[in-house]
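Working through the structure, step by step
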Amino acid sequence: MTSSSLNAIHQSVSRRQFISQSFAIVGLLGILIAIITLIALILQMVLQGAPKLNWQFLTSFADPDPAIAGILAAWVGTCLVMLVTVTAAVPIGIAAGVYLEEYAKKNWLSDLIEINVTNLAGVPSIVYGLLALGLFKYYFNLGESILTAGLTLALLVLPVVIVTTREALRAIPNALREAAYAMGASKWQMIAHHLLPYSMGSILTGVIIGLSRAIGETAPLVTIGALTFIAFLPESPIQPSFPFISFEWLKAPFTVLPIQMFNWVSRPEIEFQTNAAAAGVILIAMTLSMNGLAIYLRYRIRKGLKW
Amino acid sequence: MLETILQTTPLHPKVEAANLNFYYGNTHALKNINLILPDKQITALIGPSGCGKTTLLRCFNRMHDLYSGNRYEGEIILDGSVNILSRRLDPIEVRMRVGMVFQRPNPFPKSIFENVAYGLRVRGEKNRTTIADKVEKALRDAALWDEVKDRLQDMAFNLSGGQQQRLCIARALATDPELILFDEPTSALDPIATANVEDLMTQLKQQVTILIVTHSMQQAARLSDYTAFMYLGELVEHDRTEVIFNDPLNKQTRDYISGRFG
């Protein structure tokens, strides 16, 4: 081989390597921008809200006096609304996903449904608010209650759960389905003993992503008439006397953290800005801990799963 | 078209395929197959890639029912009485009597014990002692017990490829099937693991009828009592293995055996 052709090889390699390296740098910059923005946001909010981040803030109701105002009703409201959302969206979403992926015949109709479900995930949340206003509040007469709010957000989360369920099921190799069928399993046994346990980690991730979106939603809840000022808690679900469980809380009026934040931010008094920042920190803490739980559960479920 | 010629009629036919045709949509994949699987014997299906060996094997436990557009014609009679292909027969019922071992080991991502116990659980067996006994027996029959008895709760994926395949055999054995289908069971295994699985199959012959698809003619010659040669969806020749390998009637069979094509 002549030295000139060796030289040509050398030049070609170093030129291509340069392009590879350049892309790595661009990618790294992109990540840095995203991370720095996130850290700056959180840091700024924590610093601003720091004076209010105490027990008193968590255990007090909203108040015209910013010094004693708290977020008790808001965070309890957020938790209860999320509880309703999970209870409604997860079983329905998983069932729909399993049906579409494992039972439904693959034809133009199922393709159409698939496209629409995927599109539903991108519908602006305010549209769900309008739907809920007409359906839950006026048609079913559920009022401006925790139940209405939870179901509204469930509509929002549902497409995400359906889509991730389908993707999780699709990731399971056919060899495992055939192995189960070859053992004489029925379709339901195959789904319940194999598909659902193996895909639960991924489905859970989808559920959490959906909930993370829902927990910060304001628009659809304002649409159905969430209160911005509330000074009492819903009735406790656990009762001291028979039958010990009460569902009265479902009918209670409510507020949630993002609405409380919005309310404070729009106040003229500067002290309320501190309250808003502190509420924001709590909201982010709730979201992050939910994500953390999801990562932990996924790790636990996926441990030892491979194919 | 070549006719199927059976020189020796086996004494106890366990399964009998008669005028079997199979279609993937419009593709006529199996053409007028007539095949007898003698009881407690190993029958090997050989032939070049795409000749329909695996397609034929998967008719015996109605695996094709899992995908739409597939259609059977003809009969596969089990024990002289039940037509496996009957539309009125639930394929689950067939699969409860006919076990299957796949080309790649496909244990469930569960413990070794749970893998073998699965068939029993599907059948609603609740008694723990019964399950434990049957799991042990199946693992012994699959020559795996000594290697795994101390770690039955380990994940099946921690086993080597050959052990995983024997685990899959144990899983199939646990429910006492009458016929086991092997779809190229050693093609993903190294020579030592292959030898183990072959030994195992030779022993299993005492309790169960075996149908095996194999790419390796040496394997067919070593293992099987009967061999069927398939080509382009047709069963070209079917006879005792020594006849097929030493003195086949058909020219195509002779060419394939001597390595002239395929």
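For the structure, check the block above.
These notes cover the structure that comes with them. Everything numeric in this text was worked out from a predicted model, so none of it was measured.

We now examine helix H4 (residues 128-141) of chain B. All names here are of chain B. Over its 14 residues, H4 runs 20 Å from end to end, which matches the ideal 20 Å to within 8%, given 1.5 Å per residue. Residues of H4 that are buried: Ile 131, Val 135, Ala 138 and Leu 139. Buried residues of H4 fall within an arc of 95° about the axis and therefore sit on the same side. Lining the buried residues of H4 we find helix H3 (112-122), helix H5 (145-148) and helix H6 (161-173). The opening residue of H4 is Asn 127, an N-cap whose side-chain oxygen sits 2.9 Å from the backbone nitrogen of Thr 129.

So, about the pairing of strand E6 (residues 98-101) of chain B. Residue and element names in this part refer to chain B. Side-chain alternation along E6 places Val 98 and Met 100 on one buried face and Gly 99 and Val 101 on a second face that is also buried. Relative to strand E7 (residues 179-183), E6 runs parallel, the two sharing 4 bridges. Note that in E7 the partner of Gly 99 across the bridge is Ile 180.

Moving on, we come to the sheet that holds strand E2 (residues 27-38) of chain B. Residue and element names in this part refer to chain B. Here we have 4 strands laid out as an open sheet, ordered E2-E1-E4-E5, and antiparallel in their pairing. Across the chains shown, the open sheet's two edge strands, defined by having one partner strand only, are E2 and strand E5 (82-83). Pairing between strand E1 (residues 13-24) and strand E4 (residues 70-78): 8 bridges, direction antiparallel. Each residue of the ladder has a partner; that of Asn 21, found in E4, is Glu 73.

Moving on to the interface of chain B and chain A. With 25 residues of chain B in contact, the opposing surface of chain A contributes 20 residues. A combined buried area of about 1,900 Å² lies between chain B and chain A, and 64% of that area is made up of carbon and sulfur atoms. The largest per-residue losses of area from chain B upon contact with chain A belong to Pro109(B), Tyr118(B) and Phe157(B), which jointly make up 26% of the total buried on that side. Joining chain B to chain A, the criterion identifies 1 salt bridge. The shortest N-O distance in the salt bridge between Glu178(A) and Arg58(B) comes to 2.7 Å. Our count for the contact surface shared by chain B and chain A stands at 8 residue pairs in polar contact (both at pLDDT 80 or more). Listing elements by their share of the side of chain B that touches chain A, those giving two or more residues are helix H2 (91-97), E6, H3 and H6 of chain B. Of the residues in the side of chain B that touches chain A, the class split is 16 nonpolar, 4 polar and 5 charged.

Moving on: the nonpolar core. Leu221(A), Phe254(A), Leu20(B), Leu35(B), Leu56(B), Phe60(B) and Ile76(B) are the most contacted members of the largest nonpolar core, which has 106 residues in total. Of the residues forming this core, the biggest block, 12 residues, is contributed by helix H3 (residues 72-103) of chain A. Dropping the residues within four chain positions of it, Phe60(B) is found in contact with Val15(B), Ala17(B), Leu35(B), Leu37(B), Ile76(B), Ile84(B), Val94(B), Val98(B), Leu179(B), Leu181(B) and Leu211(B). By size, the runner-up hydrophobic cluster in this structure holds 45 residues, among which are Leu144(B), Ala156(B), Leu173(B) and Met217(B).

Next up on the list: the sheet that holds E6(B). Pairing between the strands of a sheet is mediated by backbone hydrogen bonds and can be parallel or antiparallel. Residue and element names in this part refer to chain B. One open sheet holds the 6 strands; their spatial order is E6-E7-E8-E3-E9-E10, and the pairing between them is mixed. Every interior strand has two partners, whereas the edge strands, E6 and strand E10 (234-240), have only one. On average, each strand axis in the sheet is inclined to that of its neighbour by 20°, with strand direction left out of account. Pairing between strand E3 (residues 42-46) and strand E8 (residues 209-213): 4 bridges, direction parallel. Bridge pairing in E8 places Leu 45 opposite Val 213. Against the sheet, H6 engages E6 and E7, with an angle of about 175° to E6.

Residues and elements named next belong to chain B. Structurally, Gln 219 is set in helix H8 (residues 217-223). For Gln 219, a relative accessible area of 3% puts it in the buried group. A polar contact is formed between the side chain of Gln 219 and the side chain of Thr 186, at a distance of 2.9 Å. What Gln 219 contacts, discounting residues up to four positions off in sequence, is Thr 186, Thr 194, Glu 198, Ile 212, Thr 214 and Ser 224.

Reading guide: rules and limits
Residues numbered from 1 in each chain as written. Chains lettered and ligands numbered in written order. Predicted model: local features only at pLDDT ≥ 70, side-chain atom pairs only at ≥ 80, totals over all residues. Heavy atoms only, no water. Helix = DSSP H or I, 4+ residues; strand = E, 2+ residues; numbered from the N terminus. Expected span 1.5 Å × (residues − 1). Buried < 20%, exposed > 50% of the residue type's maximum accessible area, 1.4 Å probe, protein only. Arc of directions from axis to C-beta. Contact = heavy atoms within 4.5 Å. Polar contact = N/O pair within 3.5 Å; in protein donor to acceptor, adjacent residues only side chain to side chain. Pairing = 2+ DSSP bridges. Buried area = accessible area lost by both parts, 1.4 Å probe. Salt bridge = Lys/Arg side-chain N within 4 Å of Asp/Glu carboxyl O. Nonpolar A, V, L, I, M, F, W, Y, C, P; charged D, E, K, R; others polar. Core = buried A, V, L, I, M, F, W, Y, C linked by side-chain atoms within 4.5 Å. Axes fitted to C-alpha atoms, helices over the stretch in contact; angles between N-to-C directions.

By themselves, these are just geometric observations and shouldn't be taken as functional.
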